[in-house]
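Per-entry structural report
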Amino acid sequence: MKVHAIQTGLVRIKTAQVEGRGHGLSRRLAIFTDRNWTEWLPTFAWVIDHSEGVIVVDTGQGAHLLESGKSLHPYVRWEVAFRIDREQEIGPRLRALGIGPRDVKRVVLTHLHMDHDGGLAHFPNSEILVAPGELQTASGFVGRMRGYLPHRWPSWFDPKPLTLAAEPSGPFAMSRRLTEAGDVVAVATPGHTADHISIIVQDSEITYFLAGDTSYDEERMLAGKLDGVSADEQVCSATLAAIKRFIQSRPTVYLPTHDPQSAERLANRRLAAVREVLLPNVPA
Ligand SMILES: [Zn+2]
């Protein structure tokens, strides 16, 4: 088994989205008043080259996102910007790895935000799995009001429901195996969206945690810092704490979608740094 990072262009967002400020509605509105942009961040998708068939996790950005500044939706129009060209979309990127879209057995989406479903058009022949609640949230006019782009989905898009069972996987209450071998497992990681999922890949002694947008980087996950878009702060905190417990329980490479370190961390199998609590110096 081999896991590849596929970079599909760059994105920048407001700093108040990466790290929430305040609580409740004011935390979610802070994105709109924040004048500070992040640096340009990568948007990664992931390929699990597995003996049971290739699994793609998220599809990254599409070149259509360059038109986001024309959107009537205030978030899409003002609070996010993209860099991508067609050759950076996931289809050409996969071909460069020697993987044709027809070789991809399954595509699993952590959630349906526009920088995760933007490459769906490259997978007309794959089985596509999406959490049913996420599909409902993102669909139709209400989905568009929420900032999703359902009108950009391919006409054939009809994903299979990725329904998780009440089978705990480590600290995660809900899970579902995606391979017969049981080495690729979807777990519920609600927070960033209510039905967000993450993918756990067990490759001999190393575990890869494909985190989607559970946090924008490893540091904020370890510090338990919430983003600015999660609707339920308690749920999001509990998910970050569960991920931290998971990482403490086994050697894990933590791979968020937009962490500038993710590709290097994967290439060098750099484990999540589980920090000890620093106690104040006690005079001897
Ligand atoms: Zn997202």
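Structure shown above.
Because the structure is predicted, anything quoted here is derived from the model rather than measured.

1. What about the sheet that holds strand E6 (residues 127-130)?
- Across the sheet, seven strands lie side by side as E4-E1-E2-E3-E5-E6-E7; this open sheet has mixed pairing. Each edge of the sheet is formed by a strand with only one pairing partner; in this case those strands are strand E4 (80-83) and strand E7 (160-161).
- The pairing of strand E1 (residues 2-13) with strand E2 (residues 41-50) spans eight bridges and is antiparallel. Counted as the bridge partner of Val3 is Ile48 from E2.

2. Quick notes on the side chain of Asp227
- When you line up the elements, Asp227 lands in the loop between helix H7 (218-222) and helix H8 (233-249).
- Here Asp227 sits buried without a salt bridge, and the closest side chain of opposite charge, Arg27, lies 4.2 Å off (N-O distance).
- At 3.0 Å, the side chain of Asp227 and the backbone nitrogen of Val229 are in polar contact.
- A polar side-chain atom of Asp227 sits 2.8 Å from a polar atom in the side chain of Ser230.
- If near-sequence neighbours (up to four positions away) are discounted, Asp227 is found in contact with Gln17, Val18, Glu19, Gly20, Arg27, His192, Asp213 and Tyr216.

3. Quick look at the packing of aromatic side chains
- Here the structure, examined in full by the defined rule, presents six aromatic pairs.
- Ring pairs connect the aromatic residues Phe172, Phe209, Phe246 and Tyr254, which therefore count as one cluster.
- The ring of Trp37 has Arg12 sitting right over it, with the charged end atom 4.6 Å from the ring centre.
- Between the NZ or CZ atom of Lys14 and the centre of the ring of Trp37, over which it lies, the distance is 5.0 Å.

4. What to know about the pattern of salt bridges
- Scanning the entire structure with this criterion turns up 15 salt bridges.
- Lys14 is paired through a salt bridge with Glu79; the nearest N and O atoms lie 2.6 Å apart. Separated by 65 residues along the polypeptide, Lys14 in the loop between E1 and helix H1 (15-18) and Glu79 in the loop between helix H3 (74-78) and E4 bring together distant segments of the chain. Across the pair, Glu79 and Lys14 agree in class, each one buried.
- A salt bridge links Arg265 to Glu218, with the nearest nitrogen and oxygen atoms 3.3 Å apart. With Arg265 in helix H9 (residues 262-267) and Glu218 in helix H7, this residue pair connects regions lying 47 residues apart in the sequence. An identical accessibility class is assigned to Arg265 and Glu218; each is buried.
- Three or more residues joined by partner-sharing salt bridges are found here, namely Glu19, Asp217, Arg220 and Lys225.

5. Side note on the coordination of the zinc ion
- Bound to the zinc ion on the protein side are His111 (NE2), His113 (ND1), His192 (NE2) and Asp213 (OD), at distances that span 2.2 Å.
- Relative to the metal, the four donor atoms surrounding the zinc ion lie at angles of 89 to 175 degrees, and the coordination shape comes out irregular.
- Every donor residue of the zinc ion comes from the same chain, spaced as H-x1-H-x78-H-x20-D.
- Given a relative accessible area of 21%, His113 falls into the partly exposed group.

6. Focus on the sheet that holds strand E8 (residues 175-177)
- Ordered by their spatial adjacency, five strands build an open sheet running E8-E9-E10-E11-E12, and the pairing between neighbours is mixed. Two strands close off the open sheet at either side, each with one partner strand: E8 and strand E12 (252-256). Each strand axis lies, on average, 20 degrees off the axis of its neighbour in the sheet, ignoring direction.
- The pairing of strand E10 (residues 197-203) with strand E11 (residues 206-212) spans five bridges and is classified as antiparallel. Residue Val201 lies in a different strand from E11, and its bridge partner there is Tyr208.

7. With respect to the environment of Thr193
- As for its placement among the helices and strands, Thr193 is situated in the loop between strand E9 (184-188) and E10.
- Sequence spacing of Thr193 and Ala138 is 55 residues, and the spatial spacing of their C-alpha atoms is 10 Å.
- The contact partners of Thr193, leaving out residues within four places of it in the chain, are His111, His113, Glu134 and Tyr148.
- From its side chain, Thr193 meets the backbone nitrogen of His196 in a polar contact 3.2 Å long.

8. A few points about a nonpolar patch on the surface
- On the surface, a nonpolar cluster with roughly 300 Å² of combined accessible area is contributed by Leu25, Leu29 and Phe32.
- Considering the arrangement of structural elements, one finds Phe32 in helix H2 (residues 24-33).
- Classification of Phe32 as partly exposed rests on a relative accessible area of 36%.

About the criteria used
- Residues numbered from 1 in each chain as written.
- Predicted model: local features only at pLDDT ≥ 70, side-chain atom pairs only at ≥ 80, totals over all residues.
- Heavy atoms only, no water.
- Pairing = 2+ DSSP bridges.
- Helix = DSSP H or I, 4+ residues; strand = E, 2+ residues; numbered from the N terminus.
- Buried < 20%, exposed > 50% of the residue type's maximum accessible area, 1.4 Å probe, protein only.
- Lys, Arg positive; Asp, Glu negative; His and termini not counted.
- Salt bridge = Lys/Arg side-chain N within 4 Å of Asp/Glu carboxyl O.
- Polar contact = N/O pair within 3.5 Å; in protein donor to acceptor, adjacent residues only side chain to side chain.
- Contact = heavy atoms within 4.5 Å.
- Phe/Tyr/Trp six-rings, centres within 6.5 Å; stacked < 30°, edge-to-face > 60°.
- Lys NZ or Arg CZ within 6 Å of the ring centre and 35° of its normal.
- Donors = N, O, S within 2.8 Å, 3.2 Å for Na, K, Ca; no water.
- Tetrahedral: all angles 85-135°; square planar, octahedral: opposite > 155°, others 65-115°.
- Axes fitted to C-alpha atoms, helices over the stretch in contact; angles between N-to-C directions.
- Patch = residues over 30% accessible without salt bridge, like charges linked within 9 Å, V, L, I, M, F, W, Y side chains within 5 Å.
- Areas by Shrake-Rupley, 256 points an atom, 1.4 Å probe, with all protein chains shown as cover.

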